[in-house]
Amino acid sequence: MAYSEKRAYLELHLAVFLWGFTAILGDLIQLSALTLVWWRVLLTSLSLIFFVRLGRMVREVGARRLLLLCGIGIIVALHWVTFYGSIKLANASIALICMATTSLFSSVFEPLIVNRPFNWYELLLGIFILPGIWLVVDGVESAMNVGILVGLLSAALVSIFTSLNKKYIQSSNPARITFIELGSATLFLTPFLYSLGGDKFWPSAMDWVYLLVLSLLCTTLTFFLSLRSLSELSAFASNLTVNLEPVYGILLAYFLLNDAAELSPNFYWGALLIVVAVFGYTGVERYFRRRRALLR
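What counts and how
- Residues numbered from 1 in each chain as written.
- Predicted model: local features only at pLDDT ≥ 70, side-chain atom pairs only at ≥ 80, totals over all residues.
- Heavy atoms only, no water.
- Helix = DSSP H or I, 4+ residues; strand = E, 2+ residues; numbered from the N terminus.
- Buried < 20%, exposed > 50% of the residue type's maximum accessible area, 1.4 Å probe, protein only.
- Contact = heavy atoms within 4.5 Å.
- Salt bridge = Lys/Arg side-chain N within 4 Å of Asp/Glu carboxyl O.
- Core = buried A, V, L, I, M, F, W, Y, C linked by side-chain atoms within 4.5 Å.

Participant: Describe the overall build of the protein chain, naming the residues involved and giving the relevant values.
Facilitator: Check the secondary structure of the protein chain and you find 14 helices and 0 strands. Secondary structure elements of the protein chain, listed N to C terminal, follow the sequence α-α-α-α-α-α-α-α-α-α-α-α-α-α. Out of the 296 residues belonging to the protein chain, those deemed buried represent 53%. Considering only contacts in the protein chain between residues 6 or more positions apart, those separated by 24 or more positions represent 89%.

Below you can see the structure in the form of structure tokens.
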């Protein structure tokens, strides 16, 4: 079966649905954000080591691209540390909804990174999400404000590394890219474990279960699917679809965690705006694609 744009969207949506569980698992795992992310990237890297042909990797990838992918891996590490930091500082629902600003950041960063013109409707759709964010965070306790800021930083970082991956993944194996990026993330975070990782390093028995699900299902599989989808989709389309992660995640949190007690009706109106923007992008993009084709 040929890999098509439709299949890319289906795989990306599957990845995003599984990502919805990451905040739930991050809330359940009793480790600091830094230690949690270190175990996540380590276990994910180990799960890929037999699929990447280490002996040929450097020669086939090339030293320059290898260094570039390692740099992207560091951004991935910082994104996940800030994402789980936002969960610990606020809660899973707040961290997830902050991720909805990814498309707004992407509308600015992707044209700069991949050297394409700015699209006014991408920026407009990104801005359309902001009232939804405001509705969600309105009335949140002031103690959660730091968590919101950290969550917004995490959204900016994910928009940057998605755009960089879009630029550099051409003709590259998704499993190999995942291994390089997350392997470099492991190495980058290791020196900080002692001073910033918190008192608890070894996971408990249940933490091991959650970490394995987080690493193998919600990271190895989803990273592979999301990278492969970028061969057919723009980084902006990818990031806008990722805005469904907070919707999936918050619905899961409603049933699995106690976050629902902290949510007001405004949250659900905000989530509705996000969904409209996500599904509206496909129609808007197709309209302008046909219009550009007619003008040629």
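On we go from here.
Participant: Pulling in residues and values, what's your account of the pattern of salt bridges?
Facilitator: Going through the model one piece at a time under the given rule, you end up with 4 salt bridges. In this structure, glutamate 11 engages arginine 228 in a salt bridge whose closest nitrogen and oxygen atoms are separated by 2.5 Å. Taken as a pair, glutamate 11 in helix α1 (residues 5–28) and arginine 228 in helix α11 (residues 205–229) lie far apart in primary sequence, 217 residues in all. Of the residues examined, glutamate 11 reaches a relative accessible area of 10% and is grouped as buried. Among the ionic pairs, aspartate 207 bridges to lysine 200, the shortest N-O distance being 3.4 Å. Assessed through its relative accessible area of 35%, lysine 200 is described here as partly exposed. Bridged by salt links that share partners, the residues Arg7, Glu11 and Arg228 form one connected network.

Participant: Give a description of the nonpolar core that names residues and reports values.
Facilitator: In this structure, Trp80, Phe83, Tyr84 and Leu214 are the most contacted members of the largest nonpolar core, which totals 74 residues. Of all the elements, helix α4 (residues 63–89) adds the most residues to this core, at 10 residues. In terms of nonpolar packing, the next biggest core, distinct from the first, is built from 5 residues, Ala90, Ile94, Met144 and Ile148 among them.

Participant: Tell me about the environment of valine 247, residues and numbers included.
Facilitator: Positionally, valine 247 belongs in helix α13 (residues 244–256). Overall, valine 247 belongs to the buried group, its relative accessible area being 16%. Placed 150 residues apart in sequence, valine 247 and isoleucine 97 show a C-alpha to C-alpha distance of 7.8 Å. Not counting the four nearest positions on each side in its chain, valine 247 is found in contact with Ala271, Ile274 and Val275.

All quantities given are derived from atomic positions and should not be read as evidence of function.
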